[in-house]
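Commentary on secondary and tertiary structure
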Amino acid sequence: LSSAFILEYFNKKNISINSSVNSICKKFSIPFQLTSSLNKKWEDEVQIRHLMEHNALNMHYVYGFKDKVPPLEELLNKKNQYEKIDVINKPGKIFSYSGAGFLVLQYLIESIEQKPIHEISKYFLSDLGIRDITFSPDKEIKKEMACGHKEGIEISGLRLFFPAFSAGAMGR
């Protein structure tokens, strides 16, 4: 759902998915830039498409939170349990699963629109006829969500919340 929304969103904004992420940040005065500890040339080569294709950034796993997801700005600036986002591959050349790409994409869209992603995406979901999936679960959906579990371990009542585009869609 996240990728479908992202493709439609940028198409409606007349922004190519081949656009550089850093150039979009500059154009919309978004206080974020991708950096690379391995090759500075790669920083400005990362395109929107590379973030969805998992072939530029680090951060294999995006961690969940017990109560609520902190602001994305905190996650992107390593003020929580997340590692620093880093361009670790020449963009478009090597597949390496990365939840960081979807964190960055959500942050870009929320920064451009100055609204939370659940407000921006609600019409997209509604137009698809999707009523019981959201990127911001209300109390009713939270009550009906499945509890977490791990093979061989009972984790009664555990519910983790994830950034919207990185495993954060919830439904009943």
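Our subject in this report is the structure included herewith. (Residues numbered from 1 in each chain as written. Predicted model: local features only at pLDDT ≥ 70, side-chain atom pairs only at ≥ 80, totals over all residues. Heavy atoms only, no water.)

Right, let's get into helix α1 (residues 2–12). Among all positions in α1, only S2, F5, I6, Y9 and F10 are buried. One face of α1 carries all of its buried residues, which in axial projection span an arc of 120°. Set apart from the buried face of α1 by more than 90 degrees, the exposed residues are N11 and K12. Packing partners of the buried residues in α1 comprise α3 (48–53), α5 (100–113) and α6 (117–127). (Buried < 20%, exposed > 50% of the residue type's maximum accessible area, 1.4 Å probe, protein only. Helix = DSSP H or I, 4+ residues; strand = E, 2+ residues; numbered from the N terminus. Arc of directions from axis to C-beta. Contact = heavy atoms within 4.5 Å.)

Approximately 480 Å³ is the volume found for the largest pocket. Along the wall of the largest pocket there are 24 residues; nearest its centre are V69, P70, Q106, F135 and A164. Contributing elements (two or more residues each) for the lining of the largest pocket: α4 (72–76), α5 and α6. Considering only residue class, the lining of the largest pocket consists of 14 nonpolar, five polar and five charged. Roughly 260 Å³ of internal volume is contained in the second largest pocket. Around the second largest pocket, the lining comprises 13 residues; the ones closest to its centre are F5, K12, I120, Y123 and F124. (1 Å grid on protein atoms, 1.4 Å probe; cavity = no way out; pocket = protein on both sides within 12 Å on 5 of 7 lines; lining within 4 Å. Points joined across faces, edges and corners; volume = space filled by probe spheres on them. Nonpolar A, V, L, I, M, F, W, Y, C, P; charged D, E, K, R; others polar.)

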